[in-house]
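Spelled out from the first residue to the last, the chains are:
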Amino acid sequence: MELVSKILIAVVALEHLYILWMEMFAWETKGKEVFKAALPPEMFKPTKGLAANQGLYNGFLAAGLIWSFLIKDPEWQTNVALFFLGCVAIAGIYGAVSATKKIFFVQALPAILAIIAVLLK
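Scope of this entry: the structure provided in the associated data block. (Residues numbered from 1 in each chain as written. Predicted model: local features only at pLDDT ≥ 70, side-chain atom pairs only at ≥ 80, totals over all residues. Heavy atoms only, no water.)

## What about the packing of helix α3 (residues 48-70) against helix α4 (residues 74-98)?
The geometry of α3 relative to α4 is characterised by a closest axis approach of 8 Å and an angle of 160° between their N-to-C directions. It follows that α3 is roughly antiparallel to α4 by the angle criterion. Between α3 and α4 lies a crossing whose hand is left-handed. Here α3 contributes Phe60, Leu61, Gly64, Leu65, Trp67, Ser68 and Phe69 to the contact with α4, which in turn contributes Trp76, Gln77, Val80, Ala81, Phe84, Leu85, Cys87 and Val88. Split by residue class, the contact of α3 with α4 holds 12 nonpolar, 3 polar and no charged. (Axes fitted to C-alpha atoms, helices over the stretch in contact; angles between N-to-C directions. Helix = DSSP H or I, 4+ residues; strand = E, 2+ residues; numbered from the N terminus. Parallel < 35°, antiparallel > 145°, perpendicular 65-115°, else oblique. Left-handed = near helix turned anticlockwise from the far one by under 90°. Contact = heavy atoms within 4.5 Å. Nonpolar A, V, L, I, M, F, W, Y, C, P; charged D, E, K, R; others polar.)

So, in structure tokens, the structure goes:
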């Protein structure tokens, strides 16, 4: 279960690095493709700064998850991973309620599965 939890944490971290890239650097191209149902096309340019700010926060989540891999103490490593996975899960649940249900499956569910794997290791 140790390997499964590490893989799931890495997947969540990589996903948030991708979100960082999309929201900070590709909002008017890839962001427009991904969020086409949530935002009219003419709103991507004026919301570029807001999206970049969101992307930065996603980067912090990824950084925290990556940091958990570098911690030597097993208890501290677990606690840091659970904290950042919990942040991702809560953000995904909030996004599913406030924006689109798809966010639950894309963001919250992988984090929840990683939390379960970490708790079972």
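## Considering empty space enclosed by the protein
This model, assessed by the stated rule, comprises 1 cavity of 30 Å³ or more. Approximately 50 Å³ is the volume found for the largest cavity. Around the largest cavity, the lining residues are Ser5, Lys6, Ile9, Ser68, Phe69, Gln77, Thr78, Ala81, Val118 and Lys121. Looking at the lining of the largest cavity, the elements with two or more residues in it are α1 (2-25), α3 and α4. The class makeup of the residues in the lining of the largest cavity is 4 nonpolar, 4 polar and 2 charged. (1 Å grid on protein atoms, 1.4 Å probe; cavity = no way out; pocket = protein on both sides within 12 Å on 5 of 7 lines; lining within 4 Å. Points joined across faces, edges and corners; volume = space filled by probe spheres on them.)

By themselves, these are just geometric observations and shouldn't be taken as functional.
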